[in-house]
Amino acid sequence: MHRAWFVAAVTFVTIIGAAAFRSVPGLLIDPLHQEFGWSRGTIGAAVSVNLALYGLTAPFAAALMDRFGIRRVVAVALTVIALGSGLTVWMTAAWQLMLCWGLLVGLGSGSMALAFAATVTNRWFTERRGLVSGILTAASASGQLIFLPLLSWIVETYDWRPAAVTVALAALAVVPFVWLLLHDHPADVGQKPYGAPEFVPKPAPVVGAARRALTVLFSAARTGPFWLLAGTFAICGASTNGLVQTHFVPAAHDHGMPLTAAASLLAVIGVFDVVGTIASGWFTDRFEPRRLLAVYYALRGVSLLFLPMLLAPSVHPPMIFFIVFYGLDWVATVPPTLALCREQYGEDSAIVFGWVLASHQVGAALVAFLGGVARDTFGSYDVVWYASGALCAAAALMALVIRRRGPALTVRV
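Residues numbered from 1 in each chain as written. Predicted model: local features only at pLDDT ≥ 70, side-chain atom pairs only at ≥ 80, totals over all residues. Heavy atoms only, no water.

- An unreviewed UniProt entry annotates the protein chain as MFS transporter originating from Streptomyces levis.
- Of the protein chain, the UniProt comment under Subcellular location (unreviewed entry) reads exactly: "Cell membrane". (UniProt positions renumbered as here; feature names shortened; annotations may be inferred.)

Now the structure itself:
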């Protein structure tokens, strides 16, 4: 078996270990509100800082990987995640939540974002890129599947603090695997990328990581496809991480559903997310990615419009159907979006995708905050579900008008 598949496997496990932090915010809203009296808008603001930094850090992390190597950047990122999550157990004020969970975990997680998966895919594979990007994207959902039921049980049985410590330990446990097993480039082990016709020398370290990330942004921002990709992915983030991942559990709890039942439903989304994302990667290798994106966003918007009618004290078949349907579509948008970035921007596609991911997280951050404000203002989340459904319809139309490009654009710095 080609070494690229082993590197992909280590990357998969690494993203799973780092995904524990993605499972916690929705579980902490009610416990922190009850213990400290903080409003849901305040807690949502800390989550929004986390989500925004998750996206804004990604393009710089991709450039840092070109400068210092994947292994060093990822190991430091996991350590920062563990530090930020661990320090939350001693917090007593809202600004400390902003600092620990918002700033530290946001910066660390941003360096572990999908730009990491894009960098590994671009360096180690020339064939099966759509499939590999789908598998690595599904790793985050797999982490959610593993950790959500466990963390919800810990929060309900003991407290939110042991859950935060569990997240810190999970991140630290992956560091040795990264340091010992994650190679930066195929040339490090004397192999060519999977599917490449000839050996590819390892490029020299690229200095000026921040300058390169900004230069690539300014160049890409002069093209129309960049704004369409960024706009659709912002809506993707708003309707997944910002809305469902952050607010589904408290919204279901508002309707009388037990915390563990709601968290288990969110974990089931993770099960089908794995299937949907890998299938989307397979489809992306074979079908037009613009049309795939349009279908994904249209179906997601329709499902969100029905969700307010499905929330109830118990789990019933229509809710299970929504969970399965939404899980299949959760991040199925990533492989075709990544394919379009690669088509448009060539060797700089990982950094461009990092900026597109930043828009994803900005959209998620806005809805994480506005969703909490809407709950405080209206007493329910209904208006947020309907607004997100309408935004998904707009994203479907935007995906269809992205123009095709011949030779990929590459920025030379």
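Here the narrative resumes.
**Comments concerning the overall build of the protein chain**
Next up, step 1: Along its length, the protein chain carries 16 helices and zero strands.
Next up, step 2: At 20 Å, the protein chain has a C-alpha radius of gyration in line with the 22 Å of a compact globule built from 413 residues.
Next up, step 3: Expressed as lengths along the three principal axes of its C-alpha atoms, the size of the protein chain is roughly 60 × 45 × 40 Å.
Next up, step 4: In the protein chain, buried positions account for 59% of the 413 residues.
Next up, step 5: Across the protein chain, the centroid of the 25 positively charged side chains sits 10 Å from that of the 19 negatively charged ones. (Helix = DSSP H or I, 4+ residues; strand = E, 2+ residues; numbered from the N terminus. Rg over C-alpha atoms; globule rule 2.2 N^0.38 Å. Buried < 20%, exposed > 50% of the residue type's maximum accessible area, 1.4 Å probe, protein only. Lys, Arg positive; Asp, Glu negative; His and termini not counted. Charge placed at Lys NZ, Arg CZ, Asp CG, Glu CD.)

**Quick notes on the pattern of salt bridges**
Should their charged atoms come close, side chains of opposite charge can pair.
Next up, step 1: If you walk through the whole model with that rule in mind, you get six salt bridges.
Next up, step 2: Asp159 is paired through a salt bridge with Arg161; the nearest N and O atoms lie 3.0 Å apart.
Next up, step 3: When the shortest N-O distance is used, the salt bridge between Arg290 and Glu288 registers 2.2 Å.
Next up, step 4: On the basis of relative accessible area, Arg290 is assigned to the buried category, the value being 5%. (Salt bridge = Lys/Arg side-chain N within 4 Å of Asp/Glu carboxyl O.)

**Some words on helix α10 (residues 224-254)**
Next up, step 1: With 31 residues, α10 extends 42 Å from end C-alpha to end C-alpha; this agrees with the ideal 45 Å at 1.5 Å per step.
Next up, step 2: Taking the largest bend as the criterion, α10 deviates by roughly 50 degrees, centred on Phe248, and proline Pro250 comes between one and four positions later.
Next up, step 3: Counting buried positions along α10 yields 24 of 31 residues, so the element is predominantly enclosed.
Next up, step 4: In the stretch just after α10, Gly256 is the one whose phi turns positive, near 95 degrees. (Expected span 1.5 Å × (residues − 1). Bend = angle between axes of the 7 residues up to and from the residue.)

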